[in-house]
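# Architecture at a glance
Here's the letter readout for the chains.
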Amino acid sequence: MEILNQISVSLQQGDDEKVFALTKQAIENGLYPKDILDNGLITGMNIIGEQFRKREIFLPDVLMSAKAMYAGLDQLKPLLISEGIPTLGKIVIGTVQGDLHDIGKNLVGIMLKGAGFDVIDLGKDVPPEKFIETAKKENAKLVGVSALLTTTMTNMKKVVDLIKNEGSDIKVIIGGAPVSKEFADEIGADAYAYDAAKAVEMVKEMV
Ligand code: B1M
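Residues numbered from 1 in each chain as written. Predicted model: local features only at pLDDT ≥ 70, side-chain atom pairs only at ≥ 80, totals over all residues. Heavy atoms only, no water.

Further remarks concern the overall build of the protein chain. Each helix and strand counted, the protein chain has nine helices and five strands in total. Start at the N end of the protein chain and walk to the C end: the helices and strands fall as α-α-α-α-β-α-β-α-β-α-β-α-β-α. Since a compact globule built from 207 residues should have a radius of gyration of about 17 Å, the 17 Å found for the protein chain is in line with a globular shape. Taken across its 207 residues, the protein chain has 45% of its residues classed as buried. (Helix = DSSP H or I, 4+ residues; strand = E, 2+ residues; numbered from the N terminus. Rg over C-alpha atoms; globule rule 2.2 N^0.38 Å. Buried < 20%, exposed > 50% of the residue type's maximum accessible area, 1.4 Å probe, protein only.)

Okay, the site of the ligand next. Neighbouring the ligand are 34 residues; Leu100, His101, Asp102, Ser146 and Thr150 lie closest to it. Take His101: an N or O atom from its side chain is 2.8 Å from a nitrogen atom of the ligand. Take Ser146: an N or O atom from its side chain is 2.8 Å from a nitrogen atom of the ligand. Per-element tally for the shell around the ligand: the top contributor is helix α4 (residues 59–80), with five residues. Residue composition of the shell around the ligand, grouped by class: 21 nonpolar, nine polar and four charged. Two domains share the shell around the ligand, each providing at least three of its residues, namely domain 1 (2–82) and domain 2 (90–206). (Near = heavy atom within 4 Å. Polar contact = N/O pair within 3.5 Å; in protein donor to acceptor, adjacent residues only side chain to side chain. Nonpolar A, V, L, I, M, F, W, Y, C, P; charged D, E, K, R; others polar. Domains from an automatic or database assignment.)

Within the sequence span of helix α9 (residues 196–206), burial applies to Ala196, Ala199, Val200, Met202, Val203 and Met206. Looking at the buried positions of α9, the neighbouring elements they touch are β1 (90–95), α5 (103–114), β3 (142–146), β4 (171–175) and β5 (191–193). (Contact = heavy atoms within 4.5 Å.)

This next bit is on the domain arrangement of the protein chain. When its domains are assigned, the protein chain resolves into domain 1 (2–82) and domain 2 (90–206). Taken residue by residue, the interface counts twelve residues in domain 1 and eight residues in domain 2. Both sides of the domain 1 and domain 2 interface together cover about 860 Å² of buried area, and 79% of this is carbon and sulfur. The tally of links from domain 1 across to domain 2 stands at zero salt bridges. Inspection of the domain 1/domain 2 interface yields two residue pairs in polar contact (both at pLDDT 80 or more). Elements supplying a minimum of two residues to the side of domain 1 that touches domain 2: α3 (33–53) and α4. The biggest single contributor to the side of domain 1 that touches domain 2 is α4, with six residues. Residues of the side of domain 1 that touches domain 2, tallied by class, amount to nine nonpolar, one polar and two charged. (Buried area = accessible area lost by both parts, 1.4 Å probe. Salt bridge = Lys/Arg side-chain N within 4 Å of Asp/Glu carboxyl O.)

Moving on to the coordination of the cobalt atom of the ligand. Its sole protein donor being His101 (NE2), the cobalt atom of the ligand sits 2.2 Å from that atom. Within the element layout of this structure, His101 appears in the loop between β1 and α5. (Donors = N, O, S within 2.8 Å, 3.2 Å for Na, K, Ca; no water.)

Before going further, it helps to spend a moment on the side chain of Ser8. Within the secondary structure, Ser8 is located in helix α1 (residues 3–12). Since its relative accessible area comes to 3%, Ser8 is described here as buried. Beyond its immediate stretch of four places on either side in the chain, Ser8 contacts Gly40, Thr43, Gly44 and Ile47.

Those residues of helix α7 (residues 155–165) lying buried are Asn155, Met156, Val159, Val160 and Ile163. Relative to the axis of α7, the buried residues are bounded by an arc of 160 degrees and lie together on one face. Contacts made by the buried residues of α7 are with α6 (128–138), β3, β4 and α8 (181–187). Two residues or fewer past α7, Gly167 is found with a positive phi of approximately 70 degrees. (Arc of directions from axis to C-beta.)

Bringing the side chain of Thr152 into the picture now. When you line up the elements, Thr152 lands in the loop between β3 and α7. Side-chain polar atoms of Thr152 contact the side chain of Asp99, separated by 2.7 Å. Not counting the four nearest positions on each side in its chain, Thr152 is found in contact with Val96, Gln97, Gly98, Asp99 and Ala147.

As structure tokens, then:
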């Protein structure tokens, strides 16, 4: 079995030690970090998501796979972030209140850092006010909000409303699996990105 497939399968099995070792080996073999990410780790996580949706596996299985995902992702992080690029601007990012999913948000942060942005990551389950307070304190003109649940994506509107009601010039970009361009337009967000690469493209346009 080729190594990227082995990474995907080990992630599905929730075997963090194996994912760690295989990712290390893939890096040493000279595979592209983005290839390891897209065709190993994310491929495995997408399969887990589908099995979870069909109730073929349960929450503890997903947690183990998430742990395995980080065993690989943590090694790729420094490689995805190229160093020495001058900062293009500051962005405050976080996962919306009530939502504990942070893998996608972290990936967006990694890619933005790699593209030369100064990223302030507030983590997960972030109250709407915290985004604005931090952006003001840090003089950041951009806020990025992630949501993975249909029940929490509505909290994104609170972030947008707080900013717009103040007449602030801070711009908001949103993303995450249940989010769409239509939803972004509906709540008045300035931009929407389908994935981390698109997020970088959009944020570059916004500054
Ligand atoms: Co949960 N979960 N989960 N989960 N989980 C989903 C999201 C779900 C779709 C699974 C399913 O049913 N198929 C489902 C949501 C259903 C819905 O609302 N429509 C779900 C559920 C129901 C739940 C719980 C409610 C389960 C329960 O308790 N009964 C619970 C909620 C907890 C909470 O948040 N309050 C829960 C918990 C968890 C874990 C903690 C076990 C774990 C998260 C661990 C962690 O993040 N540290 C987890 C996981 C891992 C998933 C799945 C399997 C994988 C998510 C992931 O990391 N994907 C997920 C199924 C799925 O999405 N296929 C699922 C990989 C990641 C790289 O992709 O996050 O989509 P993603 O990010 C992408 C893009 O979306 C985009 O770019 C990223 C990279 O390309 N993007 C942005 C993301 N943020 C962006 C921001 C941007 C721009 C782009 O701009 C700022």
